[in-house]
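Architecture at a glance
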Amino acid sequence: MTTPNKELDARGLNCPLPILRTKKTINELNSGETLKVIATDPGAVKDFEAFCKQTGNELVEQSEAGGEFTFLLRKA
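In this report, the structure presented in the accompanying data block is examined.

So, on to the side chain of Thr-34. The residue Thr-34 is located in strand S2 (residues 34–39) in this model. Using a relative accessible area of 4% as the deciding quantity, one classes Thr-34 as buried. With near-sequence residues (within four places) excluded, Thr-34 lies in contact with Thr-3, Pro-4, Asn-5, Lys-6, Leu-29, Leu-72, Leu-73 and Arg-74.

Following this line, the structure appears as structure tokens:
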């Protein structure tokens, strides 16, 4: 995984909090910078796909291990 410019720990949060926190955090980044998000809500997979489609940000990578979902987003 690419080294992110910023990380967000959204473990233990349920929809829509991971997306809301991601939106706030990604707004602090410059275009082209990356944000790594770690979440435990299984619904986050579809939520992040939809979030990126709606906002134009790129979902660079996503993975799951031990009930934790990791997303790497690149700001548009």
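Looking now at the packing of aromatic side chains. Enumeration over the complete set of coordinates arrives at 1 aromatic pair. Here Phe-48 and Phe-71 contribute two aromatic rings whose centre-to-centre distance is 4.3 Å and whose plane-to-plane angle is 20°, an arrangement assigned as stacked. Here Phe-48, found in helix H2 (residues 44–55), pairs with Phe-71, found in strand S4 (residues 68–74); they are 23 residues apart in sequence, far enough to count as distant.

Taken in spatial order, the 4 strands make up an open sheet running S1-S2-S4-S3, and their pairing is mixed. Both edges of this open sheet fall to strand S1 (6–10) and strand S3 (58–65), since each of them pairs with a single strand only. Neighbouring strand axes in the sheet, compared pairwise and without regard to direction, differ in orientation by 15° on average. Relative to S2, S1 runs parallel, the two being bridged by 5 bridges. Within the sheet, the bridge partner assigned to Leu-8 lies in S2 and is Val-37. Of the strands in this sheet, S1, S2 and S4 are in contact with helix H1 (residues 17–26), which crosses S1 at around 160°. Across the face of the sheet, H2 comes into contact with S2, S3 and S4 while running at roughly 10° to S4.

Criteria and thresholds
Residues numbered from 1 in each chain as written. Predicted model: local features only at pLDDT ≥ 70, side-chain atom pairs only at ≥ 80, totals over all residues. Heavy atoms only, no water. Helix = DSSP H or I, 4+ residues; strand = E, 2+ residues; numbered from the N terminus. Buried < 20%, exposed > 50% of the residue type's maximum accessible area, 1.4 Å probe, protein only. Contact = heavy atoms within 4.5 Å. Phe/Tyr/Trp six-rings, centres within 6.5 Å; stacked < 30°, edge-to-face > 60°. Pairing = 2+ DSSP bridges. Axes fitted to C-alpha atoms, helices over the stretch in contact; angles between N-to-C directions.

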